[in-house]
Amino acid sequence: MLNFLNFIVTFVVILSCSLLNPTLTAQAITSSSTVYEQRIIHSPDGIGKYYMGREIAKVMGYTGAGWLERPSREGEEQPSKIVSLLNLKPNDVVADIGAGTGYLSFRIAPLLTAGKVLAVDVQPEMLEIIDLFKKEKNITNIEPVLATLSDPNLPSESIDLALMVDAYHELEYPQEVMQKIVKALKPGGKVVLVEYRGENPFIMIKGLHKMTQKQVRKEMQAVGLVWRETKNLLPQQHLMVFEKPDSRNFLTR
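For clarity, every value in this text was computed on a predicted model and none was experimentally measured.

**Student:** How would you summarise the nonpolar core if you had to cite specific residues and measurements?
**Tutor:** Core analysis: the largest hydrophobic core is formed by 32 residues, its most contacted members being I159, M164, Y168, M178, I181, V191 and L225. Of all the secondary structure elements, the ones that give two or more residues to this core are β4 (93-97), β5 (116-121), β7 (159-165), α8 (174-184), β8 (185-197), α9 (213-221) and β11 (237-243). For this core, the leading source of residues is α8, giving five residues. Here M164 is in contact with I97, L171, M178, I181, V191, V192, L193 and V194, once residues within four sequence places are set aside. Core analysis: the second largest hydrophobic core is formed by 27 residues, V83, L104, F133 and V165 among them.

**Student:** So what's going on with the confidence of the model for the protein? Residues and values would help.
**Tutor:** Overall, the predicted model of the protein reaches an average pLDDT of 87, with 85% of residues at or above 70. Taken as a whole, residues 1-32 scores under 50 in pLDDT and shows 14 contacts with residues more than four places along the chain or in a different chain.

**Student:** Summarise helix α7 (residues 124-137); cite the residues concerned and give the values.
**Tutor:** End to end, α7 covers 20 Å across 14 residues, agreeing with the expected 20 Å (1.5 Å per residue, within 8%). Those residues of α7 not exposed but buried are M126, L127, I130, F133 and K134. Buried positions in α7, seen along its axis, are confined to an arc of 115° and lie on one side of it. In α7, the exposed positions that point more than 90 degrees away from the buried face belong to E128, K135 and E136. Against the buried residues of α7 lie α3 (65-68), α6 (105-108), β5 and β6 (142-146).

**Student:** With reference to specific residues and values, describe unusual backbone geometry.
**Tutor:** Phi angles above zero are rare outside glycine, and N87 is one such case at about 50°. Mapped onto the fold, N87 is located in the loop between α5 (79-85) and β4. Owing to a relative accessible area of 56%, N87 belongs among the exposed residues under this scheme. Of note in the backbone geometry, D166 takes a positive phi value of approximately 55° without being a glycine. Of note, D166 is situated in the loop between β7 and α8. For D166, a relative accessible area of 17% corresponds to the buried category.

Cut-offs applied
- Residues numbered from 1 in each chain as written.
- Predicted model: local features only at pLDDT ≥ 70, side-chain atom pairs only at ≥ 80, totals over all residues.
- Heavy atoms only, no water.
- Core = buried A, V, L, I, M, F, W, Y, C linked by side-chain atoms within 4.5 Å.
- Buried < 20%, exposed > 50% of the residue type's maximum accessible area, 1.4 Å probe, protein only.
- Helix = DSSP H or I, 4+ residues; strand = E, 2+ residues; numbered from the N terminus.
- Contact = heavy atoms within 4.5 Å.
- pLDDT = per-residue confidence, 0-100.
- Expected span 1.5 Å × (residues − 1).
- Arc of directions from axis to C-beta.

Okay, here's the thing in structure tokens:
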């Protein structure tokens, strides 16, 4: 019934636009047939935009920076264990996508003695916080990168690892962002997604801010990434590892 109502509302909007601007109508029809679906009736925690059956969650703004830096975070999420599970090499280039205050970036950077962290975020205020922490901690191998909603602004084949901790589910344009991340990965590079386990209803996180492993794997497969493993060693989150296929391996066979 709700899908039918959404269809009627969308049809009326497009029909109204056609009377005013036929070109706009064609664009609207094309947009509605893409990978995204916009629904009028949706969760108050989401933006009403759906991707592969999943509603995209609202972004946590920079005013929530204090929550990212909360003293209880280590006990609740064990982010130090996340860092240890990444198996980083000293010369790796890591993109921390949705870096926020740089909570993970500053824990990764000391391990990259010949590498660096690209702290990527769409909020300039978050990057200002990272710059402040860089000076306070005297850490020089973190580079803040201002992204757009659809582009992480990373050079082609420039990173060994893209890390997203509780961030992917908030991407407004997940397919576009992931396609560009795949291009930014070196051959054989990896994407690591950490998300609260959507399969567990007892994890006290809002539903749209959790993801099932099945949903994540479906969305990563859509952009050409290959699932390698899922590590369930964290208290409440999946740590899922995906890899960009190395086409050079096929050429040498």
